[in-house]
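# Overview (structure and organization)
Residue strings, one per chain:
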Amino acid sequence: MDNISATIQVVPLNHYILLCAIIFTIGVIGVLIRRNAIIIFMSIELMLNSVNLLLAAFSAYSGDASGQVFVFFIMALAAAEVAVGLAIIVMVYRNTSSIDINILNRLKW
Amino acid sequence: MIDLVWLIPLFPFIGFLICGLGRNLFPKAVIGTVASLAVIASFAISLGIFFQFDSATPIVIDFFDWIKVGGIDIPFSFQIDQLSILMLLIITGIGSLIHIYSTGYMSHDAGFGKFFSYLNLFVFFMLLLVLGSNYVIMFIGWEGVGLCSYLLIGFWFTNGAFADAAKKAFIMNRIGDLGFLIGVFLIIATFGSVSFAEIFPKAQSMISGDATLTLITILLFIGATGKSAQLPLFTWLPDAMAGPTPVSALIHAATMVTAGIYMIARSNILFTLSPVTMSIIAVIGLATAIIAAIIAITQTDIKKVLAYSTVSQLGYMFLGLGVGAYTGAFFHVLTHAFFKALLFLGAGSVIHAMSDEQDMRKMGGLKRKLPITFFTMLMGTLAISGLPPFAGFFSKDEILAHVYEHNKILWIIGVLGAMLTAFYMFRMMFLTFWGNFRGSEEQKSHLHESPLSMTIPLIVLAVLSVIGGFIGVPEIFGGSHWLAGYLAPVFEGSGTRMSELALSHSTEWTLMIISVGGVVAAIIYAYIKYIKNSHVPVMDSQPRSALAKISYNKFYFDEFYAAIIQKPLDAISGFFFRIIEKSGIDGVVNGLGKGSIEASKGLRLLQTGNVGFYIFAMVIGVVVLLLYSFLKF
Amino acid sequence: MNLLFLLFFPLVGSLACLLNNRAAKQIALVSSLITLASAIVLLCNFTPDASRQFVVDYPWISQFGIHFKAGIDGISMIMVLLTTGLIPLIILSSFNRNFNNSSALYALVLFMQFGLLIVFTALDGFLFYVGWEIALIPIYFICAIWGGADRIRVNMKFFIYTFAGSLFMLLGIIYLHLQTPGNTYDIDAFYSLNLDAASQAWLFWCFFIAFAIKMPIFPFHTWQPDTYTTAPTMGTMLLAGIMLKMGIYGVIRWLIPIVPIGFMEWKQLAIILSIIGIVYASIIAFKQKEIKRLVAYSSIAHVGLIAAGIFAWNAAGVQGAMIQMLNHGINVVGLFFAMDIIINRLNTQDSSLMGGIAKIAPKFAIALLIVILGTVALPLTNGFIGEFLLLNAVYQYQIWFAAIAGLTIIFGAVYMLRMYKHVMQGELNELTSSFKDIKGTEVLVMGIICALIIVIGVYPKPILNISAAAVDTLIAQVNNKLAF
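Residue positions are counted from 1 within each chain, in the order its sequence is given. For this description, chains carry letters from A and ligands carry numbers from 1, given in the order in which they are written. Local features are withheld for residues below a pLDDT of 70 in this predicted model, meaning they are given only at 70 or higher, and side-chain atom pairs are given and counted only at 80 or more; totals for whole chains, interfaces and linings count all residues. Based on all heavy atoms of the structure, the side-chain values leave hydrogens and waters out of the count.

## Points about the interface of chain B and chain C
It is common to give the size of an interface as the accessible area that goes away when the parts come together. Any two residues whose heavy atoms approach within 4.5 Å at even a single point are treated as in contact. Between chain B and chain C, the residue contacts involve 53 residues of the former and 62 residues of the latter. Carbon and sulfur atoms supply 73% of the area that chain B and chain C bury against each other, a total of about 4900 Å² over both sides. The buried area of a pairing is the accessible area, by a 1.4 Å probe, that goes missing from both parts when the two are put together, added over both. For the chain B face of the interface with chain C, the top three residues by lost area are Trp66(B), Arg174(B) and Phe185(B), together amounting to 13%. Salt bridge, as used here, is a side-chain nitrogen of Lys or Arg placed within 4 Å of a carboxyl oxygen of Asp or Glu. The interface formed by chain B and chain C holds four salt bridges in total. Polar contact is the term for a pair of N or O atoms within 3.5 Å; when the atoms are in protein, one must be able to donate a hydrogen and the other to accept it, and sequence-neighboring residues count only if both atoms are side-chain atoms. Along the contact surface separating chain B from chain C lie 18 residue pairs in polar contact (both at pLDDT 80 or more).

## Some details on the UniProt feature "transmembrane region" (unreviewed entry) in chain A
If you check UniProt for "transmembrane region" (unreviewed entry), the listed places come out as residues 15–33, 40–63 and 69–93 of chain A in our numbering. Its end C-alpha atoms 36 Å apart, residues 69–93 of chain A is made of 100% helix and 0% strand. UniProt positions are given in the numbering used here, feature names are shortened, and annotations may be inferred rather than shown by experiment. Numbering of helices and strands runs from the N terminus, with a helix taken as a DSSP run of H or I at least four residues long and a strand as a DSSP run of E at least two residues long.

## What to know about the arrangement of the chains
By contact count, the dominant pairing among the two pairs of chains in contact is that of chains B and C. The smallest C-alpha distance separating chain A from chain C is 23 Å, and no contact links them.

## Re the packing of aromatic side chains
Each Phe, Tyr or Trp ring, with Trp reduced to its six-membered ring, pairs with another whose centre is within 6.5 Å; inter-plane angles below 30 degrees give stacked pairs, above 60 give edge-to-face pairs, and intermediate values give tilted ones. Counted by the stated rule, this structure contains 79 aromatic pairs over all chains. Ring centres of Phe575(B) and Phe576(B) lie 6.2 Å apart, and the angle between their planes is 45°; on these two criteria the pair is classed as tilted. Under the scheme applied here, a residue whose accessible area is under 20% of the maximum for its type counts as buried, over 50% as exposed, and between as partly exposed, the area being computed with a 1.4 Å probe on protein chains only. Judged by relative accessible area, Phe576(B) falls into the buried class, the value being 17%. Only when the NZ atom of a Lys or the CZ atom of an Arg is both within 6 Å of the ring centre and within 35 degrees of the ring normal do we say a charge sits over the ring. Sitting over the face of the ring of Phe155(B), Lys114(B) holds its NZ or CZ atom 4.9 Å from the ring centroid. When the ring centre of Phe286(C) is taken as reference, the NZ or CZ atom of Arg418(C) above it lies at 5.8 Å.

## What to know about the pairing of strand 1 (residues 59–69) of chain B
All names here are of chain B. Across nine bridges, the pairing between strand 1 and strand 2 (residues 72–80) is antiparallel. When the sheet's bridge partners are listed, valine 69 is paired in strand 2 with isoleucine 72. Counted along the chain from strand 1 to the antiparallel partner strand 2, the turn is two residues long, and its residue glycine 70 has a positive phi close to 50°. For two strands to count as paired, DSSP must find a minimum of two bridges between them.

## Some details on the packing of helix 13 (residues 315–346) of chain C against helix 19 (residues 441–458) of chain C
Residue and element names in this part refer to chain C. Interaxial distance between helix 13 and helix 19 falls to 10 Å at its minimum, and their mutual angle equals 150°. Classified by the interaxial angle, the pair formed by helix 13 and helix 19 is roughly antiparallel. Read as a crossing pair, helix 13 and helix 19 show a hand that is left-handed. Between helix 13, through Ile323, Leu326, Asn327, Ile330, Asn331, Val333, Gly334, Phe337, Ala338, Ile341 and Arg345, and helix 19, the contact on the second element is made entirely by Glu442, Val445, Met446, Ile449, Leu452, Ile453 and Ile456. For helices, the axis comes from a line fit to the C-alpha atoms of the stretch in contact; other axes are also lines fit to C-alpha atoms, and the angle between any two N-to-C directions lies between 0 and 180 degrees. Roughly parallel covers angles under 35 degrees, roughly antiparallel covers those over 145, roughly perpendicular covers 65 to 115, and oblique covers all other angles. Crossings are sorted by hand: turned counterclockwise from the far helix by less than a right angle, the near helix makes the crossing left-handed, and turned clockwise it makes it right-handed.

## A closer look at the side chain of Lys304(B)
Inspection of the secondary structure puts Lys304(B) in helix 14 (residues 302–322). Excluding residues within four positions of it along the chain, Lys304(B) makes contact with Pro238(B), Asp239(B), Gln299(B) and Lys554(B).

## So, the UniProt feature "domain: NADH-Ubiquinone oxidoreductase (complex I) chain 5 N-terminal" (unreviewed entry) in chain B
UniProt's feature table lists "domain: NADH-Ubiquinone oxidoreductase (complex I) chain 5 N-terminal" (unreviewed entry) at residues 66–116 of chain B, given in the numbering used throughout. What you have in residues 66–116 of chain B is 57% helix and 25% strand, and the ends, taken at the C-alpha atoms, are 29 Å apart.

## Observations concerning the nonpolar core
What we call a nonpolar core is a set of buried Ala, Val, Leu, Ile, Met, Phe, Trp, Tyr and Cys residues that are connected through their side-chain atoms within 4.5 Å. Trp66(B), Tyr135(B), Leu270(B), Phe311(C), Phe364(C) and Phe388(C) are the most contacted members of the largest nonpolar core, which has 436 residues in total. Broken down by element, this core gets its largest block of residues, 20 residues, from helix 13 of chain C. Setting aside anything within four residues of it in sequence, one finds Phe311(C) in contact with Phe208(C), Ile217(C), Val251(C), Leu255(C), Ile256(C), Phe263(C), Lys267(C), Ala270(C), Ile271(C) and Ser274(C).

## Considering the interface of chain B and chain A
Residue-level contacts link 12 residues of chain B with 11 residues of chain A. Both sides of the chain B and chain A interface together cover about 900 Å² of buried area, and 69% of this is carbon and sulfur. Among the residues chain B hides against chain A, the three largest losses belong to Gly609(B), Val611(B) and Ile615(B). Together they make up 36% of the total. Here chain B is connected to chain A by zero salt bridges. In this assembly, chain B and chain A are joined by zero residue pairs in polar contact (both at pLDDT 80 or more). Residues are sorted three ways: Asp, Glu, Lys and Arg are charged, Ala, Val, Leu, Ile, Met, Phe, Trp, Tyr, Cys and Pro are nonpolar, and all the rest, Gly among them, are polar. Of the residues belonging to the side of chain B that touches chain A, the class tally is six nonpolar, five polar and one charged.

## Examining unusual backbone geometry
Here Pro388(B) and Pro389(B) are connected by a cis peptide whose omega angle stands at 0°. As for its placement among the helices and strands, Pro389(B) is situated in the loop between helix 16 (371–385) and helix 17 (391–406). That bond from Met215(C) to Pro216(C) is cis: its omega, -5°, falls within 30 degrees of zero. Among the secondary structure elements, Pro216(C) is positioned in the loop between helix 8 (197–214) and helix 9 (223–230). Positive phi values are uncommon outside glycine, yet Asn101(C) reaches one of about 55°. The class of Asn101(C) is partly exposed, set by a relative accessible area of 47%. In this model, Asn347(C) sits at a positive phi of 60°, which is unusual for a non-glycine residue. Along the chain, Asn347(C) falls in the loop between helix 13 and helix 14 (357–360).

The structure is reproduced here in structure tokens:
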């Protein structure tokens, strides 16, 4: 455990923050501008993982394991989410023969 | 005997129950007898009390606490003194006669039982009114007689106009009653009690012209104007003639309408201490007397003539009260009860004979056919005209003498009114009993003198109208004025503050001669006009002179009230309902509901259904929240 | 006899009604009579002093300090008598009518009685609120299922309006709860709070709006005429006879003693609104041809006078209000029952089409006349006692207010006698000539009502005695609080 912490601490914390911010932003932009549901899904994963990375980094820097525990939780949650989400996308594809989210515009008044 | 006073109102009440509940069970004879006996029994007890009572102070008999809340304590109790005893005698005495008369008059009516139950109920309430030992018990009777008046005016309610007349009477009375009620509140606030026995001694120590007392008395007087048909609330009384004639005689001539005078005489000390109110009463009384007399001159309905005559005579009584002649005013109540009940009953006898015809233009020459009615009514007419030695002379003369002392101009107008009275009364007599019969052949064949049950009361009342005045023969004729002496304890408090009549005998003689002369002149003028020249009032379709028109149409009082009160209120009612209620208040309430629906219509457009838009909105939202929290800290 | 029996027996009766559709009305009548009997047993054991009696107190949701605490003092006693006394009459009045699904109807009526009794005996703010809403739900269904034309829209408005009002009250109750030392809802804890003037002022409005809508006081009344007109007559009787007294009772028990300073601040406005309501509703009633609507407006006018008397806050006013609540309940049930008889036989509400009924239905005519006389406060009828005390109370506050409020004496006679004339007097016409006089249970109900009107009018002392001590103590308590 100590080794890993030490290894992580080789890189300064600012770099982690910067990297995670970049990955998170990529995720956000991906969600916002893409219309393909799978890509949006992947972008969401990207955001989740950027947060995971940051949590791990902070956990190492502050010597507190609970950050990494959270990471596990998030990974488990993401797995569940993927299962449900992909199932929805598959159903959408079966019904509309498309995974373009602009087709899914019936959810309104 | 005094312990039995509770029986006096109880008898008529039992009579009311028996007649009311048994109206379809018992034959007419039983109902008529029960109802009459109930009142006669009360009369007997009243007579007993009259002879036994010799206390200078009122006797109060408590029954139970009626309303007792906070500082308000209203016992249900009776008070007996000279004033209430005399009223008891009038009510039960004349009431008995009229009950007997009604057994004959109403014998053909389907609502016989109903009629007698109402009549008995009326007597019950009227007795409560005069027996009450405080203003609230008086008010029970006060409103109760109004109710009976409503029921009896609207006795033939299938006629819409009669039902309207009844309603009008009730509502106009209620206007006065509100004044009375607020007066009572003011009395409670001022004296902390409603009992006469507590109020009057306290009032003795107050100064004359006290503002509260003035307000109290004005409010009470408003009540009196409603009940006793004075300006401006008198228009209900002529319409009240829609009721059966015995009702007009009992309620609208002899008893109920004099309740206002009784109330003021009862509260004489309060009024004596309020000179402003006294002046108002005198002026209103006189104005009513004159206006009603002028209207009576052109009326063609025999009962309407008598109704306006009643209003006018009540005006005289108020005039008397207004100048402080309490005994005189009450004396007039007494004599008026005799002769006006007589005149109404006589008119009823005429109407009965004429197969329900009331228009004098269709009568004439009845004196041979209805001798008893004619002769008794003549006595009544002489009495009301104020010719000596009939009853009306003494009472009217006493009032006028006090008026002369008080204010000479009022006296001149008062004498003028007396002349008008003589004129219209003899006009009525001449049109009805002299000349040729003007009705239809069918009516002519039915003409008959009334049965004994109707003529005996007429004869009794005629005798009273002739001799009734002798209970108050003034000193000038060598009398001792028994009535003034008898009532002295009641008016004691006021007496010390009111100057005694201090006219010299020669002045009194002059006044008397002038007024009697005026009356005789008026009678002669009526004789010339209606007998010598056989004048008959024109039919409604023919034109009248402007003055006659105003008089015939009762100074347009009804039209005036309709225009300034009834129509505006109805218009406001519609305005409130349609504009303020529906569009205004309910508009706001419904507007709130509609507003939220409209707002939701606008807001739901944000739900485009586009997932990308939702996500974008979410991100924007997150960014805004983050910015907010950054800026905050 | 336990208070719990009184409170919960209607619930038992309600369930029993649901189980038997055919005999539902008989079951309901018997149940309501048993409730009445138990109320009378309580009355016999009741000592008319200022104390609370028959108190029951069980922890209910103890985490939040909520208790099931109920008891009866003189003021509650009158309300309990009103509720338990009127419900059998109301049920009896419907006896010769047939309703679809009558078991549900009578179950709802008894369920409502349960709610009403809770309101009138609750000594816990939360319980009071629960009862308040419990009473609203059944009446909503009664009116919305068995009502007349346009009933859904009208009832939606009624429900949302009164419900919105009571939410303000809930806010107030929760605020008070948080202010109490032990975080309870106990009424005594509420009474002993010493809040500053500013919070009392807004708390006053929280409660006032809820009560003003329920009574209703001008200008919160617009739900009422429509609801009364469209509701089935049983519903109208429940609404006008008992339910609106919840608002008046609330003012006496939950508004003025809790926020006396706030009340003093807004007293004048409250009286003015009440008096405007008297005159305004009376004037509107002048020209109403729909007879039920006319009675509805007359009810607003009479309640306005009760409210004005209470807001004047003196012994005459509150005592007058207590007895007048009872009287108004009796009279308004009588009036609506009479209107129901007329409407049911003639199939119209329009009084201008009627006339002459008194000729062929003398019993009905007399009964209606007595009820009308009670309503217009003729002496020796019950209405007079109440109105005399109430007007006197207003007079003690301000003479001109009494003069204006007193117009109800005149206006009441105008619109009531106008209606009586249109309906009962005049000539018979085609529509009315087949009118049948009242008989059977109708005579019974009308007879009971007329007897009550006269008996209370002649000898009101026993009823005044029930609440006298409680009212005096309550007023003294408020005055003490104001003195500090």
